[in-house]
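# Tertiary structure, described
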Amino acid sequence: MMRVILEVKEQLKPNLPIEAECITPKNFLDPEREFHVWKGNKELDLTDIFHVRKDGNAKSAEQVEITIRGDSSHIKRVGEYMDGGKIIIEHDIGMHCGNFMSGGLIEIRGNADSWLGREMHGGKIICHGNAMDYAGSGYRGEKKGMRGGLIEIMGNAGDFAGETLAGGEIIIHGNAGDMPGVDIKDGRLTIMGDCSRPCGNMAGGECRVFGTAYDMLPTFRNEGPTTIDDVTVTRFSGDYTSRGLGTIYVVNCKYMD
Amino acid sequence: MQEIKDMVCPFCGCLCDDVTLEIENGEIVATDNCCAIGNAKFLGKNRLKNPIKKVDGKWVDITYDEAIDTAVDILLDADRPLLFGWSGTHGEAQCVGVHMNEILGGVIDSTTSVCHGPSILAIQEVGHPGCTLGQVKNRADLIIYWGCNPIEAHPRHMSRYTTYADGYFLDNAFRNRKVIVVDVRETETSNVADEFIRIKPGGDYAVLSSLRAILRGKGDMIPDSVAGVTKTQLIQVAEMCKTCKFGALFFGVGLTMAKGKYKNVRNAIEFVDDLNRHTKFTLTPMRGHWNVYGANEVMSWMTGYPYAVDFCRGVAFYNPGETTAVDILARKECDACMIVGSDPAAHFPHSCVEQLRDIPMIVIDPFQTMTTTLADLQIPVAVTGIDAEGTAYRMDGVPLKVKKAIDSDYPSDTEILTRIYDIMLEVKGL
Ligand code: SF4
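The model shown is predicted, which means the values in this text are computed figures rather than measured ones.

## Some points on the overall build of chain B
- Of the regular secondary structure elements, chain B holds 18 helices and 21 strands.
- Computed over its C-alpha atoms, the radius of gyration of chain B comes to 23 Å, within 12% of the 22 Å expected for a compact globule of 430 residues.
- Seen through its principal axes, chain B has C-alpha atoms that stretch 70 × 55 × 35 Å.
- In chain B, which comprises 430 residues, the share counted as buried stands at 62%.
- Sequence-distant contacts in chain B: of pairs separated by 6 or more residues, those separated by 24 or more amount to 67%.
- For chain B, the exposed area adds up to about 16100 Å²; of that, 50% sits on carbon and sulfur atoms.
- Across chain B, the mean location of the 42 positive side-chain charges is 8 Å away from that of the 56 negative side-chain charges.

## Focus on the domain arrangement of chain B
Residues and elements named next belong to chain B.
- Under the domain assignment, chain B is made up of domain 1 (47-115 + 290-428) and domain 2 (117-285).
- A separation of 34 Å is found between the C-alpha centroids of domain 1 and domain 2.
- Contact residues are listed per partner, giving 13 residues for domain 1 and 17 residues for domain 2.
- Approximately 1100 Å² of surface area, both sides summed, lies buried where domain 1 meets domain 2, with 62% of it carried by carbon and sulfur atoms.
- Its largest share of buried area at the contact with domain 2, domain 1 owes to Cys115, Met395 and Asp396, together 49% of the area lost on that side.
- Seen at the junction of domain 1 and domain 2, the total is 0 salt bridges.

## Side note on the sheet that holds strand β15 (residues 309-310) of chain B
Residue and element names in this part refer to chain B.
- Strand order in this open sheet of 9 strands is β5-β4-β19-β18-β17-β6-β7-β15-β16, and the pairing throughout is mixed. Among the strands making up the open sheet, the edge pair consists of β5 (58-61) and β16 (317-318).
- One ladder, built from 4 bridges, connects strand β17 (residues 336-340) with strand β18 (residues 361-364); its direction is parallel. The partner of isoleucine 339 across the bridge, within β18, is valine 363.

## Points about the state of the cysteines
- Considering all chains together, one arrives at 0 disulfides over all chains under this definition.
- Of all cysteine sulfurs, the one in cysteine 97 of chain A lies closest to cysteine 127 of chain A, which takes part in no disulfide; the gap is 8.7 Å.

## Structural notes on the nonpolar core
- Judged by nonpolar contacts, the single largest core of 110 residues is most densely connected at Ile23, Ile68, Ile108 and Leu116 of chain A together with Trp146 of chain B.
- It is helix α10 (residues 204-215) of chain B that contributes the most residues to this core, 8 residues altogether.
- Excluding residues that lie within four positions of it along the chain, isoleucine 23 of chain A makes contacts with Leu6, Phe28, Leu46, Phe50, Ile66, Ile68, Val78, Gly79 and Ile87 of chain A.
- The next biggest cluster of nonpolar side chains, apart from the first, holds 40 residues, and it includes Ala71, Leu75, Val340 and Ala382 of chain B.

## Let's talk about a nonpolar patch on the surface
- On the surface, Tyr164, Phe174 and Val192 of chain B cluster together into a nonpolar patch covering about 290 Å² of accessible area.
- Looking at the secondary structure, you find tyrosine 164 of chain B in the loop between α7 (157-161) and α8 (173-176).

## Comments concerning helix α17 (residues 350-358) of chain B
Residues and elements named next belong to chain B.
- When we look at burial in α17, the residues that qualify are Cys352, Val353, Gln355 and Leu356. Down the axis of α17, the buried set is contained in an arc of 160°. They therefore lie on one face.
- Those residues of α17 that are buried lie in contact with α15 (325-330), β17, α16 (344-347) and β18.

## With respect to the environment of lysine 49 of chain B
Residues and elements named next belong to chain B.
- Here lysine 49 is to be found in the loop between α1 (36-42) and β4 (52-55).
- For lysine 49, a relative accessible area of 69% translates into the label exposed.
- Distance from lysine 49 to serine 210, taken between C-alpha atoms, is 56 Å for residues 161 residues apart in sequence.
- Beyond its immediate sequence surroundings of up to four residues, lysine 49 is in contact with Pro380 and Tyr410.

## What to know about the domain arrangement of chain A
- When its domains are assigned, chain A resolves into domain 1 (1-110) and domain 2 (140-257).
- Taking only C-alpha atoms, the centre of domain 1 of chain A and the centre of domain 2 of chain A are 32 Å apart.

## Here's the deal with helix α13 (residues 262-275) of chain B
- Its 14 residues give α13 of chain B an end-to-end C-alpha distance of 20 Å, which sits within 8% of 20 Å, the value for a rise of 1.5 Å per residue.
- With 13 of 14 residues buried, α13 of chain B lies mostly within the body of the structure.

## Topic: unusual backbone geometry
All names here are of chain A.
- Residue aspartate 239 follows glycine 238 across a cis peptide bond; omega there is 5°.
- Mapped onto the fold, aspartate 239 is located in the loop between β17 (231-238) and β18 (246-253).
- Even without being a glycine, methionine 179 presents a positive backbone phi close to 55°.
- Here methionine 179 shows up in the loop between β12 (166-172) and β13 (186-191).
- Non-glycine residue aspartate 215 carries a positive phi angle of around 50°.
- Relative to the helices and strands, aspartate 215 is located in the loop between β15 (206-214) and β16 (221-228).

Thresholds applied
Residues numbered from 1 in each chain as written. Chains lettered and ligands numbered in written order. Predicted model: local features only at pLDDT ≥ 70, side-chain atom pairs only at ≥ 80, totals over all residues. Heavy atoms only, no water. Helix = DSSP H or I, 4+ residues; strand = E, 2+ residues; numbered from the N terminus. Rg over C-alpha atoms; globule rule 2.2 N^0.38 Å. Buried < 20%, exposed > 50% of the residue type's maximum accessible area, 1.4 Å probe, protein only. Contact = heavy atoms within 4.5 Å. Areas by Shrake-Rupley, 256 points an atom, 1.4 Å probe, with all protein chains shown as cover. Lys, Arg positive; Asp, Glu negative; His and termini not counted. Charge placed at Lys NZ, Arg CZ, Asp CG, Glu CD. Domains from an automatic or database assignment. Buried area = accessible area lost by both parts, 1.4 Å probe. Salt bridge = Lys/Arg side-chain N within 4 Å of Asp/Glu carboxyl O. Pairing = 2+ DSSP bridges. Disulfide = S-S within 2.5 Å. Core = buried A, V, L, I, M, F, W, Y, C linked by side-chain atoms within 4.5 Å. Patch = residues over 30% accessible without salt bridge, like charges linked within 9 Å, V, L, I, M, F, W, Y side chains within 5 Å. Arc of directions from axis to C-beta. Expected span 1.5 Å × (residues − 1).

Below you can see the structure in the form of structure tokens.
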């Protein structure tokens, strides 16, 4: 088992974003590897940004556990293309955490910035705080967002959560913002709280809203009541702007009439 | 007195190219064919005489040489410079800006990100069924203005291209061309419409979805009223669109900046796509600044991306919401800024303006603006279309040569930017 502790150093110009896609468990297997990060237009060594401590040995990514301490809210792309092992982030994390991840676990004890788990394929992300916009979504112009794995957000999510969702599962325990699951194709999006305008242009997949869906879109057909885990919900099919192959279950909904 | 014909108006995205200017003693004294806002620009005063620099909180006059050296120092010192504006200058200057951004490792963004950025995001998702304004003028028998008020913002749009224009392939265009206006409030434009659809704020997406469902014969589930619009009117409008010969949908920031932003535009594009199964229909964003479209063209052909291009790591990266000027400024993610031909202090949210105040800022602009008050350095330049010339793109993507009317001692944007760029190359040994 290898434990890596990365403690963020005090920064000059602390608001400038840092891109650190080199932080994945697999990369720490190679003792010779150099770790470069970018702060603005300057390429730096990992040790310019973090106090790095490494204990133990590992043969595979699964045996590596990385802990990020201190203010990491401006550090982007942590865990990008991660395929196994574990990353624990003790506070907030910057944008694009877990981009394209295919295996392993990322646990965020604070909040996550936008594009959490963008186009993720597998593995698991747990965010104990809130996630900003575009959790589990796709890149600009991309047809498919998240395709597999699980994102679980214990707090609230911002707008466009699960935009172009194409597989896997997103569970939001708090509220979601506007347009969760817009252009969803497949996969499952669960919102325990409220949201507005879920699943515009839905082409497939499933969305469950256990709170109130405000400004429910008029192009979903009410298919009557049913139950999920003893909770009475209304089933809708849609979106009839396209072929109506998706399903939304909502406990309450309100239209903008 | 001298009269010059067929000049291009450098104010709005219509780029009217039939303006007549009257020149007396090397100054423009009157205009003809121009609308009131274009006229005000041609006759504009308030130009800064020479470069100014803020020293201990006070403005001092400096020479162009000093100004250029100061600009170079500020930009080369930065770890994440932001080069913003660009919609108020010509394409040649925009090219120099992109080159400069590449060697600086900065972020270059145009005012697109606060007007039609969402339109471009939507176009990147589902394409752009567009056409030139000439096609609209000569063929379209149905015009939709969605979330825009051309009578105020593009005053000659209706007389040159739509409602009041003759159409080569239309009989009695003025009478037979129908106009639909969609907006959240009554406007001067809605008052002259054949059909006015008044939507509750934030209801655009639902209304577009409903129209699409009706077109597909799935209108049965649509409730009697959608975001303030009756089902009867929705059915009637869908029918008007389906049965026209050539429809043209124009839309403005009322759609792009309403809740849902680019997904509204995507829905509008898909509505137009659906209509193309029945008839010919096109869509055109009503671009505001005269050369904001040019900024998108230049950045696209040089970097692959139309705006918000981040070169910090030496290669182009694009992600509106992350690399757009408003987001960078609000999050305080830049440490120097250069503004070219734009006035962000007048339009940006408070948090962004604060950041502009707190970091070194260079302004390249002919006029004193709100942004001047926050700057550390301003370099005055010639005005394209008055005493400088260059290329600009009309809102439908047609490039036009913007000529100059008079000579002056002011350098053009291209000259100033090239001088800054050349010194940077020298310092960097490139
Ligand atoms: S409509 Fe626009 S381009 Fe035409 S004259 Fe008026 S401001 Fe100038």
